[in-house]
Amino acid sequence: MSLYTDYLNEIAARKEEGLNPKPIDDGLFVDELISQIKETGNEHRDDSLKFFIYNVLPGTTSAAGVKAQFLKEIILGAAVVDEISVTFAFELLSHMKGGPSVDVLLDLALGDDTSIAGQAAEVLKTQVFLYEADTDRLAAAYADGNATAKGILESYSKAEFFTKLPDIDEEIKVVTYIAGEGDISTDLLSPGNQAHSRSDRELHGKCFISPAAQTEIQELQKQHPEKRVMLIAEKGTMGVGSSRMSGVNNVALWTGNQASPYVPFVNFAPIVAGTNGISPIFLTTVGVTGGIGIDLKNWVKKVDSEGNPILNNDGNPVLEQKYSVETGTVLTIDTKKQMLYDETGKEELVGLSSSFTPQKVEFIKAGGSYAIVFGKKLQNFASKTLGVELKSAFAPSKEITHKEQGLTAVEKIFNKNAVGVTEGAVLHAGSDVRVEVNIVGSQDTTGLMTSQELESMAATVLSPIVDGAYQSGCHTASVWDLKAQANTPRLMKFMHNFGLITARDPKGVYHAMTDVIHKVLNDITVDDWAIIIGGDSHTRMSKGVAFGADSGTVALALATGEASMPIPESVKVTFKGTMADHMDFRDVVHATQSQMLKQFGDNVFQGRIIEVHIGTLLADQAFTFTDWSAEMKAKASICISEDDTLVESLEIAKSRIQIMIDKGMENDNHMLQGLIDIADKRIGEIKSGEKPALTPDDNAKYFAEVVVDLDQIDEPMIADPDVNNADVSKRYTHDTIRPISYYKAEKKVDLGFVGSCMVHKGDLVIVAQMLKNLEKNGQKVEFNAPLVVAAPTYNIIDEMKAEGDWAILQEYSGYEFDDFMPKQTARTEYENILYLERPGCNLCMGNQEKAAKGDTVLATSTRLFQGRVVEDTAEKKGESLLASTPVVVLSAILGRTPTMEEYKAAVEGIDLTKFAPPVEKPAGSRSAHF
């Protein structure tokens, strides 16, 4: 009874934390529960029965397998449990979501007992998570003349698993809760420093917003028991920063509905809203859970008599309230009229057509998007097997075609990869389609949730149509603490068995590769026509088009090789002018955002594809732009490259994939070699002229076109969280871009950080060159603030060691990581030295390493949200300002932001970049980035 005793001890420990018993996923433990259930006099029988019925995780967990088999015994009469009738046993199987439960149901439905077969068939008709092994059994039984199999297939061909579900409520009464003013980062809903607990849904729910907010939400629920709580980002966008399935799970846990009475802490159907709507990738996650996302538009720009926006002293538009949504306001959602009304249901407030498209209504009705994806496949299979015409029960793919109009780059990619659309149709933006996915990435702080999602949808093997799939170890690379030691090996084993290339070898043979996931995905993307899905908002490859996604969408892509989404509109970005020698490409990235806002007033990038015509930059540096497009609130970014540049990028990618093979990371399906073969094929197509690098058509239509003037970029630029802005909604956005002169060399810097996915080899070379440069100028290098340097990949360190630059960094460093003795505790205090940290995310992620509370950090990273890199103290707000590598290095040495004269002297003679609008790289140039 050891497992049961251990569980009781765990229950006692969790009770002290205000937690319920943890859901059960261990089959051996369920065996023990069953033994105690069968023993009628056992003192633990009642609790064991309760745990068996209400606390076993469904899907393909080993616990679900044992539970399904015992329910089968009860149905066949081989076991008798008074509390579980045959009818109840079937009901329990119906809530187990596929895998072992479907296997058992098929055994029963195709068995000899007609009464049992009929009951099993009725349950099967409600199930959608069937895979080839299951559908093959049905097809074979039908071919053999089995009447039950025929009945099931006929039901599937009509999609009765969907059509017989109740329609969504025509009216939903909601009570508002303002979670914050301004943009709400997913860190508020699911903090990065609590990433270790995400797979324990109840425990992770404790970190949602704050204990005070949780109490306030509970009070609202008591006061309005018949209404739903709607979580709001007032004067901002909800869910910026990342897809964060755990964030949506937490919202659902506190404000949603329980998905099944027999599965604890899995809730669905949250309702979220924002003055400026929902961040695109977060909205996808809301759809996964059958939730509703609303664009409130409750604050509008105040205009003068001529219709021009009235600006305040800071040059920002003055907003006026169109209607109030203060906490406790009761509103009415009319799903039929697609309108938000006041409490009475009479005053129209805002239209909700975008919240209730036919596709989104289906997600809501089915309880989430997974059921729709699997349902469509199941109906197609059944119709084909029966030889009947497919009469789809689902909303047709929205196909928009404009004759005589060319295609943008993303439209070309979607047309190439679309499935289930009208043959010969040419699709433009706004079309809603299913597409095949080429590359899938899972990262380590969301990976355990992805594995749970795969188990819940009964998936056991990677879809064969996926070219490459990778499980990273970068988000937990900094500190090999007890949490990482407990979670990471388990994750790697699951993903290895599923068919992914894993950063860590479950067998411990090859050296752990903690390389930043986006760098690996950028390398294994070997086709500029590829579609990439990754479990992180910075899945923004500079080849193909990449979409950051929640752990559930990643799981779906791994299991099916498909994703569903509308084709987004595009914004074209081109460049003119000349790049100043003392400027870094990071400044071009910041200037793009700044100049766009000045040109248009509003963020035209939000929710759209940025088609950036970079041309001559190799994939590593071009990624700096596509990566930052997440902070521009774009849905994704596509880099339009020159033929020769793309070929060189693919050759580099091949060499790095070969290194992975040489390390022993290849899997049984020879996935890595397959990627090299794809790269070779693509290189051949480009060189022969058969299929040049991806470009849009000349007559493509864009939502907007942004021309960035390089001549205007004459000093380094900093993205500032503006933590003391009087307008709370303007704090912690990425839109405040300031020239370095703004700070008058008076901004104190407590810590510098060079790392994250925004940097590459060239950045670390620049660090070494600056240190040499300063010594050469007679300036003794002494750090007045700590400088943390984390290479994104081991390849960079290996190459720098071979070229001599790593030795320079070692010479100036006061700490260097040791893979044989990794840190087991996070650093909380820093000395004024150079730290050479292990490759990985480090400070950017905020789940392990952090700056000291209240610090002002200057970083190359992407995150400036409150509490991410640095937390506040009672006396001082922490600040995370974002800048180029040379600015960060010099500021750490000085302990403050530099003057322009100091900056120019520090970078004199260093080729920061040779980026230029002309299509050809300047002859003879060799910057650190090439």
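These figures come from a predicted structure and were not determined experimentally. (Residues numbered from 1 in each chain as written. Predicted model: local features only at pLDDT ≥ 70, side-chain atom pairs only at ≥ 80, totals over all residues. Heavy atoms only, no water.)

> Talk me through the sheet that holds strand 16 (residues 439-442); I want residue IDs and the actual numbers.
Read from one edge of the open sheet, 5 strands run 18-17-16-19-20, paired in parallel fashion. Only two strands of the sheet have a single neighbouring strand rather than two, namely strand 18 (501-502) and strand 20 (545-548). As paired strands, strand 16 and strand 19 (residues 531-534) are joined by 3 bridges and run parallel to one another. Residue pairing for strand 19: Ile439 is matched across the bridge by Ile532. (Pairing = 2+ DSSP bridges. Helix = DSSP H or I, 4+ residues; strand = E, 2+ residues; numbered from the N terminus.)

> Explain the sheet that holds strand 21 (residues 562-566) residue by residue, including any values.
Within the open sheet, the 3 strands sit side by side as 14-15-21. Their pairing is antiparallel. Both outer strands of the open sheet, strand 14 (418-419) and strand 21, are each paired with one neighbouring strand and no more. Sheet analysis places strand 15 (residues 432-436) next to strand 21, joined by 5 bridges and oriented antiparallel. Along strand 21, the bridge assignment pairs Arg434 with Ser564.

> How would you explain unusual backbone geometry if you had to name every residue and give the values?
Positive phi, normally seen in glycine, also occurs at Lys744, with a value near 55°. With respect to the helices and strands, the residue Lys744 is situated in the loop between strand 27 (737-739) and strand 28 (751-754). Here Lys744 falls in the exposed class, since its relative accessible area comes to 61%. Even without a glycine there, the phi angle at Ala745 is positive, about 60°. If you trace the backbone, Ala745 turns up in the loop between strand 27 and strand 28. (Buried < 20%, exposed > 50% of the residue type's maximum accessible area, 1.4 Å probe, protein only.)

> So what about the environment of Val520? Which residues, and what values?
Counting through the fold element by element, Val520 comes out in helix 21 (residues 517-524). Val520 gets classed as buried once you look at its relative accessible area, which sits at 5%. Separated by 226 residues in the primary sequence, Val520 and Ile294 place their C-alpha atoms 35 Å from one another. Contact partners of Val520, with chain neighbours within four places excluded, come to Tyr470, Met513, Asp515 and Met660. (Contact = heavy atoms within 4.5 Å.)

> So, the environment of Asp523: which residues are in play, and what are the values?
Within the fold, Asp523 resides in helix 21. Each C-alpha atom of the pair Asp523 and Gly577 lies 31 Å from the other, and the pair is 54 residues apart in sequence. Ignoring anything within four residues of it in the chain, the contact list for Asp523 reads Asp620, Ala653, Arg656 and Ile657.

> Give a detailed account of the pairing of strand 33 (residues 879-882), specifying residues and quantitative values.
Because side chains alternate across strand 33, one face comprises the buried residues Glu879 and Leu881, and the other comprises Ser880 and Leu882, equally buried. Pairing of strand 32 (residues 856-859) with strand 33 involves 4 bridges; the strand directions are parallel. Considered in strand 33, the bridge of Val857 is made with Ser880.

> So, the domain arrangement of the chain: which residues are in play, and what are the values?
A common way to express how large an interface is: the accessible area buried when the components associate. Domain parsing of the chain yields domain 1 (3-163), domain 2 (171-356), domain 3 (408-420 + 431-706) and domain 4 (716-907). Its C-alpha centre places domain 1 at a distance of 36 Å from the equivalent point of domain 2. Between domain 1 and domain 2 the total buried area reaches about 1100 Å² when both faces are included, carbon and sulfur atoms providing 58% of it. Contact with domain 2 buries surface across domain 1, with Leu19, Tyr54 and His95 losing the most and accounting together for 37% of the total. Where domain 1 touches domain 2, the interface holds 2 salt bridges. Of the charged contacts in the structure, one is a salt bridge between Arg14 and Glu202, with a shortest N-O distance of 3.5 Å. Summed over the shared surface of domain 1 and domain 2, the result is 5 residue pairs in polar contact (both at pLDDT 80 or more). Elements represented by at least two residues in the side of domain 1 that touches domain 2 include exactly helix 3 (45-54) and helix 5 (86-94). (Domains from an automatic or database assignment. Buried area = accessible area lost by both parts, 1.4 Å probe. Salt bridge = Lys/Arg side-chain N within 4 Å of Asp/Glu carboxyl O. Polar contact = N/O pair within 3.5 Å; in protein donor to acceptor, adjacent residues only side chain to side chain.)

> I'd like a rundown of helix 29 (residues 805-812), residues and numbers included.
Note that an α-helix has 3.6 residues per turn; residues three or four places apart therefore point the same way. Taken as a whole, helix 29 has its buried residues at Asp805, Trp806, Ile808, Leu809 and Tyr812. For helix 29, the arc enclosing every buried residue in end-on projection is 155°, short of the 170-degree limit, so these residues lie on one face. Buried residues belonging to helix 29 abut helix 27 (761-776), helix 28 (794-803), strand 30 (813-816) and strand 31 (834-837). (Arc of directions from axis to C-beta.)

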